[in-house]
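# Descriptive structure summary
Listed below are the residues making up each chain.
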Amino acid sequence: LDYGYDGYMYGFAANQELLNHYVKTFNGEVIGVLHPYQFAIDEVNAQMENLDSLRQQAQSMKDDVSKAYNENKDMVDSLLHYASLGLESFKGLLAK
């Protein structure tokens, strides 16, 4: 954007494998006018692809935590209960 290209980057990949990488990783578009491996990457689309990847990672982590909690629910709830009792006792000591 700073250089007046409206957030686009244009280039030529060295081969089909690299072109496919740019398309997949950066949500690039094959142009193929001047060269068969010519491509363009829109900055916004590239960032959206990263955002989608982060969302998938966050959902995976959330699922893992939920599974771990469900497998150990009784122990976690018991620990939280005793921690709450300890906190209440500590508050009582501070109030004296």
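See the structure printed just above.
Throughout what follows, the structure given in this document is the object of discussion.

Rules behind the numbers
- Residues numbered from 1 in each chain as written.
- Predicted model: local features only at pLDDT ≥ 70, side-chain atom pairs only at ≥ 80, totals over all residues.
- Heavy atoms only, no water.
- Helix = DSSP H or I, 4+ residues; strand = E, 2+ residues; numbered from the N terminus.
- Rg over C-alpha atoms; globule rule 2.2 N^0.38 Å.
- Buried < 20%, exposed > 50% of the residue type's maximum accessible area, 1.4 Å probe, protein only.
- Contact = heavy atoms within 4.5 Å.
- Areas by Shrake-Rupley, 256 points an atom, 1.4 Å probe, with all protein chains shown as cover.
- Lys, Arg positive; Asp, Glu negative; His and termini not counted.
- Charge placed at Lys NZ, Arg CZ, Asp CG, Glu CD.
- Salt bridge = Lys/Arg side-chain N within 4 Å of Asp/Glu carboxyl O.
- Patch = residues over 30% accessible without salt bridge, like charges linked within 9 Å, V, L, I, M, F, W, Y side chains within 5 Å.

## Things to note about the overall build of the chain
- A tally of helices and strands in the chain yields 3 helices and 3 strands.
- When the helices and strands of the chain are listed from N to C terminus, the series reads β-α-β-β-α-α.
- On C-alpha atoms alone, the chain measures out to a radius of gyration of 26 Å, which is more than a quarter above the 12 Å that the 2.2 N^0.38 rule sets for 96 residues.
- Dimensions along the principal axes, computed over C-alpha positions, put the chain at roughly 80 × 35 × 15 Å.
- Going through the 96 residues of the chain one by one, you find that 11% of them count as buried.
- Sequence separation of at least 24 residues holds for 37% of the intrachain contacts in the chain that already meet a minimum separation of 6.
- Carbon and sulfur atoms make up 58% of the accessible area of the chain, which totals about 8,000 Å².
- In the chain, 7 positive and 14 negative side-chain charges are present, and the distance between their average locations comes to 17 Å.

## Topic: the pattern of salt bridges
- Here the structure, examined in full by the defined rule, presents 2 salt bridges.
- A salt bridge links Asp77 to Lys73, with the nearest nitrogen and oxygen atoms 2.8 Å apart. Taken together, the residues Asp77 and Lys73, both in helix 3 (residues 73-95) and 4 residues apart, mark about one turn of the helix.
- Looking at Lys73, the relative accessible area reads 37%, which means it is partly exposed.
- When the shortest N-O distance is used, the salt bridge between Lys91 and Glu88 registers 3.7 Å. Of this pair, Lys91 and Glu88 both sit in helix 3, 3 residues apart, which is roughly one turn of that helix.
- Judged by its relative accessible area of 46%, Lys91 falls in the partly exposed class.

## With respect to a nonpolar patch on the surface
- Together, Tyr8, Tyr10, Phe12, Ile31, Val33 and Leu34 line one region of the surface with nonpolar side chains, adding up to about 660 Å² of accessible area.
- By secondary structure assignment, the location of Val33 is in the loop between strand 2 (29-30) and strand 3 (38-42).

## Description of the side chain of Asp42
- Of note, Asp42 is situated in strand 3.
- Ignoring anything within four residues of it in the chain, the contact list for Asp42 reads Gly7 and Tyr8.

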